[in-house]
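# What the coordinates show
The lines below spell out each chain.
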Amino acid sequence: MSELSGNKLGFWSIFFLGINSIIGSGIFLLPNKAYADVGLASIVVILINAVLALFLALCFAETASIFDKNGSSFVYAKEAYGNFVGFEIGIFAWFIGIVSWAAELQGFLTALGGIYPLAVDPYYNKIFVIAIGAFLGVLNYLGVKFSKILNNVITVSKLLPLILFIFIGIFFIKGPDFFPLVPKIQTGLATGNLGVATLVIFYAFTGFDLLAVAAEDMENPTKNLPKAIIWVMVFCSVFYLLIMIVCIGLLGPKLGTTSVPIATATAAIFGNTGFLFITIATLVSIGGITIALSFIAPRSIQALADSHYVPVIFNRKGRFGTAGFAILITTLITISLALYGNFIFLASLTVIARLIEFISTAGSVLVFRKRKLKALYKIPLGPIIPVVAIVLSIWLLAQSSYEKLIFVIIGLVIGGILYVFYAKKQMEKN
């Protein structure tokens, strides 16, 4: 079967979907914040996040090679820890997809506001949110094939400007901004903001987990999905490190004062033309990840319906082979959240919720190995990588504010109530 035939995603479409799910607003808008917190030690922050993200991705790769159905961490948690924990993680997975989609929708309009101020006008912003959200919901309902073609085209289109930025920017790097290297890094680490900076930048690495949610829409998922997850994370980690190095080399201390680091760094070489070019690339990038999230988010609630945790109507297929009700409800909630909160509020909420999900999946690897479940892909080095992933995730979770943790606790309580009064009864009937 060719990559564009039928309604299934092949390896390269999975790979592009993963790139599109990760490279977005985070890398365009967050390097400046990391540099402002820890200076040149922001390079260390990128490396820490790369290690954590890769280790977590490996955990998802191993668990994904065991199961070939939708759900990602919900499926893994249910099998590893039982129905209650599975339901809690399932609700979190759906919540993460929705909030991430809403965050990128607002992030797109925020970036658009730089060249088209009406996009951030309180009144017109709401109109844009409704119009774009509804369009993506309809596109999703029409089937995987339409979203897949558009996703591949946009992914390639947004990568080219960033690749050019790296390869051209390298020749304009100013060496003195890096030397003496070790003392500068030590100075940054001494500020005590390493954890906070790592937490902020980690948002730019998230998204790989959502790939496994749509396993049933992929060709040979137990083989293609683990391979795609690993290569996606290796690519993004190297890509981010190069972007951070070029930004520092072009802007130096100015990097910590700008709100659009890559665009400002490009302007240092090409002036206003370069600024406009990268701004457009930013819009393409965020637009691409918004499309990817619109495709992925409804699949989590479909997975819950598969296990009778929510009414089966959420997984009832329509004439295009898609779950229309799940897409409709997910789209409506996403639009509502995007109308309520701004990009910073929505993005910060996703990081904490994702860490709960990540810890669960990394732990599932150890449980499945103890039970000797057959995995087509197995992480090397025994339990070391899953254990390190869990420890780093807990450390990162500890860097969050009490306010964000309260949101997570409220989510867990709501999930528990839903389980006791609906999901548990449905499972007993079935």
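One structure accompanies this document, and this report is about it. The model shown is predicted, which means the values in this text are computed figures rather than measured ones. (Residues numbered from 1 in each chain as written. Predicted model: local features only at pLDDT ≥ 70, side-chain atom pairs only at ≥ 80, totals over all residues. Heavy atoms only, no water.)

## Notes on the nonpolar core
We apply this condition: For this analysis, a nonpolar core means a set of buried residues of the types Ala, Val, Leu, Ile, Met, Phe, Trp, Tyr and Cys, connected via side-chain atoms within 4.5 Å. For the exposure calls, accessible area comes from a 1.4 Å probe over protein chains only, and a residue counts as buried if that area is under 20% of its type's maximum, exposed if over 50%, partly exposed in between. Comment: elements are numbered from the N terminus, with helices defined as DSSP H or I runs of at least four residues and strands as E runs of at least two. Contacts were defined at the residue level, with two residues in contact if any of their heavy atoms lie within 4.5 Å.
Of all hydrophobic cores here, the largest spans 118 residues; its most connected members are Ile23, Phe165, Phe202, Phe205, Phe208 and Ile243. Sort the elements by how many residues they give to this core and helix α11 (residues 221-251) lands first, with 16 residues. Discounting chain neighbours no more than four positions away, the residues touching Phe202 are Asn49, Leu52, Leu56, Val351, Leu355, Phe358 and Leu396. Judged by nonpolar contacts, the second largest core, of seven residues, contains Leu136, Leu139, Ile291 and Ala297.

## Examining unusual backbone geometry
Not every positive phi belongs to a glycine, and Lys372 is a case in point at roughly 60 degrees. With respect to the helices, strands and loops of the structure, Lys372 is situated in the loop between α14 (343-371) and α15 (384-397). With a relative accessible area of 74%, Lys372 lands in the exposed category. Backbone geometry at Leu381 places phi at a positive 70 degrees, although glycine is not the residue there.

## Thoughts on the environment of Thr63
Spelled out, the test is: For this analysis, a polar contact is any N or O atom pair within 3.5 Å, provided that within protein one partner can donate a hydrogen and the other can accept it, and provided that sequence-adjacent residues contribute only side-chain to side-chain pairs.
Assignment of secondary structure puts Thr63 in helix α4 (residues 42-64). Along the sequence, Thr63 and Ile379 sit 316 residues apart, while their C-alpha atoms lie 9.9 Å from each other. If we ignore the near neighbours within four places in the chain, the residues touching Thr63 are Tyr76, Thr361, Ser364, Val365 and Phe368. Within polar-contact distance, the side chain of Thr63 engages the backbone oxygen of Cys59 at 2.9 Å. From its side chain, Thr63 meets the backbone oxygen of Phe60 in a polar contact 3.1 Å long.

## What to know about helix α3 (residues 31-38)
The criterion, for reference: This arc describes the spread of directions from the helix axis toward the C-beta atoms.
Those residues of α3 that fall on the buried side of the exposure criterion are Pro31, Asn32, Ala34, Tyr35 and Val38. End-on view of α3: buried residues confined to an arc of 160 degrees, all on one side of the axis. Note on α3: the residue one or two positions beyond its end, Gly39, has a positive phi of about 60 degrees.

## Examining empty space enclosed by the protein
Let me state the cut-off plainly: Cavities and pockets were defined on a 1 Å grid built from protein atoms only: a cavity is a group of points that admits a 1.4 Å probe but offers it no way out, a pocket is an open group of points flanked by protein on both sides within 12 Å along at least five of seven lines, and a lining residue is one with an atom within 4 Å of any such point. Grid points are joined across faces, edges and corners, and a volume is the space filled by probe spheres set on the points.
Scanning the model with the defined rule gives two cavities of 30 Å³ or more in all. Reported here for the largest cavity is a volume of approximately 100 Å³. What lines the largest cavity is a set of 13 residues, and nearest its centre among them are Ser21, Glu104, Tyr203, Thr206 and Ile289. When residues of the lining of the largest cavity are traced back to their parent elements, those giving at least two are α1 (11-22), α2 (25-29), α6 (83-112) and α12 (261-306).

## Overview of the packing of aromatic side chains
Aromatic ring pairs: the centre-centre distance and the angle between the two ring planes describe each pair. Spelled out, the test is: Note on ring pairs: Phe, Tyr and Trp rings are taken, using the six-membered ring of Trp, and paired if centres are within 6.5 Å. Classes follow the plane angle, with under 30 degrees stacked, over 60 edge-to-face and the rest tilted.
Inspection of the entire model under this criterion finds 11 aromatic pairs. Relative to Tyr240, the ring of Phe205 has its centre 4.9 Å away and its plane inclined at 80 degrees; by these criteria the two rings are edge-to-face. Of the two residues, Phe205 sits in the loop between α10 (194-202) and α11 while Tyr240 sits in helix α11, which places them 35 residues apart along the sequence. Here Tyr240 falls in the buried class, since its relative accessible area comes to 0%. For the ring pair Phe235 and Phe239, a centre distance of 5.3 Å and an interplane angle of 20 degrees mean the geometry is stacked. Of this pair, Phe235 and Phe239 both sit in helix α11, four residues apart, which is roughly one turn of the helix. For Phe235, a relative accessible area of 28% gives the class partly exposed. The class for Phe239 is buried, based on a relative accessible area of 5%.

## A few points about the layout of surface pockets
Put simply, the test is: Put simply, Ala, Val, Leu, Ile, Met, Phe, Trp, Tyr, Cys and Pro go in the nonpolar bin, Asp, Glu, Lys and Arg in the charged bin, and everything else, Gly too, in the polar bin.
Space inside the largest pocket adds up to approximately 530 Å³. As for the largest pocket, its lining consists of 19 residues, of which Phe95, Val99, Leu337, Gly411 and Ile414 are closest to the centre. Counting residues per element, the ones that place at least two in the lining of the largest pocket are α6, α13 (324-340), α14 and α16 (402-429). For the lining of the largest pocket, the element with the highest residue contribution is α16, accounting for seven residues. Within the lining of the largest pocket, the residues separate by chemical class into 17 nonpolar, two polar and no charged. Of the voids in this model, the second largest pocket is the one considered here, and its volume is about 350 Å³. Taken together, 21 residues form the lining of the second largest pocket, with Leu29, Thr110, Ala111, Ser259 and Val260 sitting closest to its centre. Taken together, the elements giving at least two residues each to the lining of the second largest pocket come down to α2, α3, α6, α12 and α14. For the lining of the second largest pocket, the per-class residue count stands at 12 nonpolar, eight polar and one charged.

## Quick word on the pattern of salt bridges
The line we're drawing: Within this document, salt bridges are pairs made up of a side-chain nitrogen of Lys or Arg and a carboxyl oxygen of Asp or Glu, the two lying within 4 Å of each other.
Counted according to the given criterion, the structure contains two salt bridges. Residue Glu62 pairs with Arg369 through a salt bridge whose shortest N-O separation is 2.8 Å. In this pair, Glu62 is assigned in helix α4 and Arg369 in helix α14, connecting sequence segments 307 residues apart.

## Overview of the packing of α14 against α15
Inclusion rule: Think of each axis as a best-fit line through the C-alpha atoms, taken over the contacting stretch in the case of a helix, with angles from 0 to 180 degrees between the N-to-C directions. Any angle from 65 to 115 degrees is called roughly perpendicular, while one under 35 is roughly parallel, one over 145 is roughly antiparallel, and all others are oblique. Definitions for this section: a left-handed crossing has its near helix turned counterclockwise from the far helix by less than a right angle. A right-handed crossing has that turn clockwise.
As a packed pair, α14 and α15 sit with axes 9 Å apart at the nearest point and diverge in direction by 160 degrees. Between α14 and α15, the angle is such that the two are roughly antiparallel. Along this stretch, α14 crosses α15, giving a crossing that reads as left-handed. Two secondary-structure elements touch here, α14 through Ile352, Leu355, Ile356, Phe358, Ile359, Ala362, Gly363, Val365 and Leu366 and α15 through Pro386, Val387, Ala389, Ile390, Ser393, Ile394, Leu396 and Leu397. Taken together, the residues of the contact of α14 with α15 sort by class into 15 nonpolar, two polar and no charged.

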